[in-house]
Amino acid sequence: MAEDDTDWKAAAKAVPELRFLKTLVTGLTLVMGFGMVAVVALLWLRLSQPVLPELPGNIKLPDNVQVQAVTFATDWIVIVTDDAQVLLYDRNGTLKQTVAVQSP
């Protein structure tokens, strides 16, 4: 191969579109890098949040139960406990209904 075939400046003079192509590839690489950083940051922020939301202070749970799931609806709060019970509270924190879940 000729020596000037490997020289970037000589090739850029011979084919002016190469400079545009080099700029385009560099720009796309930077955009992809920033995009990956953004995706990782968003995943880190979303996955570092607590699993269950905090219960309001006016809700009193029965003794010796652990909360497995909490659902906030417009008029009530539904709590599923580890002893297979579903507790239905109103927004004031008053227990309205308890349902025992039967295992299959």
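Attention in this report is confined to the structure presented alongside it. (Residues numbered from 1 in each chain as written. Predicted model: local features only at pLDDT ≥ 70, side-chain atom pairs only at ≥ 80, totals over all residues. Heavy atoms only, no water.)

Let us look at a positive patch on the surface. Positive charge collects at one region of the surface, where Lys 9, Lys 13, Arg 19 and Lys 22 lie side by side. Looking at the positive patch, the elements that each hand over two or more residues are helix H1 (8–14) and helix H2 (17–47). For Lys 9, a relative accessible area of 60% corresponds to the exposed category. (Patch = residues over 30% accessible without salt bridge, like charges linked within 9 Å, V, L, I, M, F, W, Y side chains within 5 Å. Areas by Shrake-Rupley, 256 points an atom, 1.4 Å probe, with all protein chains shown as cover. Salt bridge = Lys/Arg side-chain N within 4 Å of Asp/Glu carboxyl O. Lys, Arg positive; Asp, Glu negative; His and termini not counted. Charge placed at Lys NZ, Arg CZ, Asp CG, Glu CD. Helix = DSSP H or I, 4+ residues; strand = E, 2+ residues; numbered from the N terminus. Buried < 20%, exposed > 50% of the residue type's maximum accessible area, 1.4 Å probe, protein only.)

Turning our eyes to something else, we now look at the sheet that holds strand S4 (residues 95–100). Read from one edge to the other, the open sheet built from four strands follows the order S1-S2-S3-S4, with strand pairing classed as antiparallel. Of all the strands in the sheet, the pair left with one neighbour each is strand S1 (67–72) and S4. Direction aside, neighbouring strands of the sheet carry axes that sit 15° apart on average. As defined by bridge partners, strand S2 (residues 76–81) adjoins strand S3 (residues 85–90) across five bridges and the pair is classed as antiparallel. Its bridge partner being in S3, Val 78 is matched across the sheet by Leu 88. (Pairing = 2+ DSSP bridges. Axes fitted to C-alpha atoms, helices over the stretch in contact; angles between N-to-C directions.)

A few words on unusual backbone geometry. The residue Asn 64 is not glycine, and still its phi comes out positive at about 60°. Secondary-structure assignment places Asn 64 in the loop between H2 and S1. Backbone geometry places Ala 84, a non-glycine residue, at a positive phi of 60°. Note that Ala 84 resides in the loop between S2 and S3.

One finds Ile 59, Val 70, Ile 77, Ile 79, Leu 87 and Tyr 89 forming the largest nonpolar core, which totals six residues. Counting residues per element, the ones that place at least two in this core are S2 and S3. Beyond its immediate stretch of four places on either side in the chain, Leu 87 contacts Leu 61, Pro 62, Ile 77, Val 78, Ile 79, Thr 81, Leu 95, Gln 97 and Thr 98. (Core = buried A, V, L, I, M, F, W, Y, C linked by side-chain atoms within 4.5 Å. Contact = heavy atoms within 4.5 Å.)

On to the side chain of Thr 81. Within the element layout of this structure, Thr 81 appears in strand S2. Within polar-contact distance, the side chain of Thr 81 engages the side chain of Asp 83 at 2.4 Å. Residues contacting Thr 81, with those up to four places away along its chain left out, are Val 65, Gln 66, Gln 68 and Leu 87. (Polar contact = N/O pair within 3.5 Å; in protein donor to acceptor, adjacent residues only side chain to side chain.)

Moving on, we come to the pattern of salt bridges. Applying the stated criterion across every chain yields a total of one salt bridge. Residues Lys 96 and Asp 90 are paired through a salt bridge, measuring 3.8 Å at the closest nitrogen-oxygen approach. According to the relative accessible area criterion, Lys 96 is exposed, its value standing at 55%.

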